[in-house]
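Structural characterization, general
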Amino acid sequence: MQKYSGFGLINHALSHHENWQRVWRNPKPKKKYDVIIVGGGGHGLATAYYLAKVHGITNIAVLEKGYLGGGNTARNTTIVRSNYLWDESAKLYEHAMKLWEGLSQDLNYNVMFSQRGVLNLGHTLQDMRDIERRVNANRLQGIDGEVLDPQQIKEIVPMMDCSDLPRYPIMGASWQPRGGVARHDAVAWGYARAADALGVDLIQQCEVVNFIQEDGAATGVMTKTHGVISADRIGCVTAGNSSVMAAMAGFKLPLESHPLQALVSEPIKPILDTVVMSNHVHGYVSQSDKGDLVIGAGIDGYNGYGQRGSYHTIEHTVQAIVELFPVFSRVRMNRQWGGIVDTCPDACPIISATPVENLFFNCGWGTGGFKATPGSGHAFAATLAAGEATEMTKPFSMFRFHDGALIDEHGAAGVAH
Amino acid sequence: MFYIYCPHCEEHREEEEFHASGEAHIPRPLDPESCSDEEWGEYMFFRTNPRGIHHELWVHAVGCRKFFNMTRDTQSYLILETYKIGEKPSITSAAAKLQAQTKVQEGV
């Protein structure tokens, strides 16, 4: 792998940028791998990378039906934070946060991780009680967090309406300074490039249409374009399509797939240097390095795989944003899109063995999977390498929906993002 | 936005009047006390979540406030039918498959 550096950039400028290496190979799949990862999004690519790097398993294929990072990885609003309530999930998201902090160096690829802070606003007495409980829990877990009053919020975001005038006045907020945003495409590309350099085969436009099973154990996958590819272990990281994959393998998951929409405005001058989220009026906004406001909110209530949602959902989102930021009322919106999120009943992911031996699923991240990309990949890689749940992934078994040990993160997952 | 026919009001209304309530035709176990954890978990949480024809429960939340069923394609979002609780869907994925097969055969 050609190492990226400032010096390299100058060097390539001298040769008119004609000698850059391809970022990853485009290999033909082998007949058999140690591990197959189904799904080439951020989480799948991260899993492959950490399997190769941490566990020394390099005979891996990542099978992607479209192109790398073309699903939810390319459709989210890039918010990164780790202020979850319960120990199990806070540990997982904080694990991700620690990896984020060194990710650009680790991958030798600038993922533009910017720790500009995340505000979660409270508009009611109950909101504030929840915020205080969560921030106190976070501090015990070793995660940074503060409770701010409206005056302190005003200092951070001066043009937000912190007065008594809005229908739901801002009463306070939780503030995680280490939270922020990262460039979503770069995360997928960075992981893909680094995994490829370690010998992982990234196979694009290779849709898995069935799992091959013998005596209740998965031995490979049937693909549309390359026939049967065998593997000792299979990790399925297919987000919104996880239920469809599970149905192929012959079992059900406690998931429902919903469209989640987001939109960006025309680029404007720097105006917002942090991330603002509100569960109560249900909207969130940040400003990208390009200058556009990145806005999102709730899922559409119905099940859907269409990567688009209803317009009234967008209307509600924009209403909430204008309520918080009257100054944005005349900003024009540029693009709008939808992704398919696999929501879990307890708003926590599933990183789990399944009823089929050697087949593992990493899914159910719902509306907030992007922030967990490195941690999810790292934890799932450990699970795949060991062939069983690790200390970190044990609470996230799909069988928690049988024994009732749910991890209710609806409060901290809050606004869908 | 969907334009939904409420089988109780017998008219089309806009989607904002309705609320989607998930998969339909999930019978509550007759004797919950005798369910195993697995059976109860399956009933409570596990869903088919198909990509394609889906039977789902909707409520006319700001209209008649009654529940009804809908058959809808989760890929194309096409609403195929709405029907009252207790009635059977006339369009099912099995029936659609059969129809597609006969079409192919007619083509031959």
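Right above here is the structure, for reference.
Residues numbered from 1 in each chain as written. Chains lettered and ligands numbered in written order. Predicted model: local features only at pLDDT ≥ 70, side-chain atom pairs only at ≥ 80, totals over all residues. Heavy atoms only, no water.

Together, Val209, Met222 and Val228 of chain A make up an exposed nonpolar region whose accessible area comes to about 190 Å². Mapped onto the secondary structure, Val209 of chain A falls in strand β9 (residues 208-214). (Patch = residues over 30% accessible without salt bridge, like charges linked within 9 Å, V, L, I, M, F, W, Y side chains within 5 Å. Areas by Shrake-Rupley, 256 points an atom, 1.4 Å probe, with all protein chains shown as cover. Salt bridge = Lys/Arg side-chain N within 4 Å of Asp/Glu carboxyl O. Helix = DSSP H or I, 4+ residues; strand = E, 2+ residues; numbered from the N terminus.)

Turning our attention to the interface of chain A and chain B. At the junction of the two partners, chain A supplies 28 residues and chain B supplies 26 residues. Summed over both sides, the interface of chain A with chain B buries roughly 2300 Å², with 54% coming from carbon and sulfur. Its largest share of buried area at the contact with chain B, chain A owes to Tyr302, Tyr305 and His402 of chain A, together 30% of the area lost on that side. At the junction of chain A and chain B, the tally comes to 0 salt bridges. Elements with a contribution of two residues or more to the side of chain A that touches chain B: α8 (242-249), β12 (256-265), α9 (311-324) and α11 (400-403) of chain A. Broken down by element, the residue count for the side of chain A that touches chain B peaks at 3 residues, all from β12 of chain A. When the residues that make up the side of chain A that touches chain B are grouped by side-chain class, the tally is 11 nonpolar, 12 polar and 5 charged. (Contact = heavy atoms within 4.5 Å. Buried area = accessible area lost by both parts, 1.4 Å probe. Nonpolar A, V, L, I, M, F, W, Y, C, P; charged D, E, K, R; others polar.)

This brings us to unusual backbone geometry. All names here are of chain A. Phi angles above zero are rare outside glycine, and Asn108 is one such case at about 55 degrees. Relative to the elements of secondary structure, Asn108 occurs in the loop between α4 (103-107) and β4 (118-122). Overall, Asn108 belongs to the buried group, its relative accessible area being 14%. We note that Asn358 has phi near 65 degrees; this positive angle belongs to a residue other than glycine. Mapping Asn358 onto the fold places it in the loop between β17 (350-353) and β18 (359-363). (Buried < 20%, exposed > 50% of the residue type's maximum accessible area, 1.4 Å probe, protein only.)

Residue and element names in this part refer to chain A. By secondary structure assignment, the location of Leu272 is in the loop between β12 and β13 (275-278). Here the alpha-carbon distance between Leu272 and Glu207, two residues 65 residues apart in the chain, equals 41 Å. Among residues more than four places away in sequence, those in contact with Leu272 are Val157, Met159, Val285, Ser286, Gln287 and Phe325.

We now examine a negative patch on the surface. Judged by side-chain charge, Asp403 of chain A together with Asp37, Glu38 and Glu39 of chain B come together as a negatively charged surface patch. For the negative patch, the leading source of residues is helix α1 (residues 37-44) of chain B, giving 3 residues. Inspection of the secondary structure puts Asp37 of chain B in helix α1. (Lys, Arg positive; Asp, Glu negative; His and termini not counted. Charge placed at Lys NZ, Arg CZ, Asp CG, Glu CD.)

Residue and element names in this part refer to chain B. Taken in spatial order, the 4 strands line up as β3-β4-β5-β6 in an open sheet, and their pairing is antiparallel. At either end of the open sheet lies a strand with only one pairing partner, and these are β3 (19-23) and β6 (79-84). Neighbouring strand axes in the sheet, compared pairwise and without regard to direction, differ in orientation by 30 degrees on average. (Pairing = 2+ DSSP bridges. Axes fitted to C-alpha atoms, helices over the stretch in contact; angles between N-to-C directions.)

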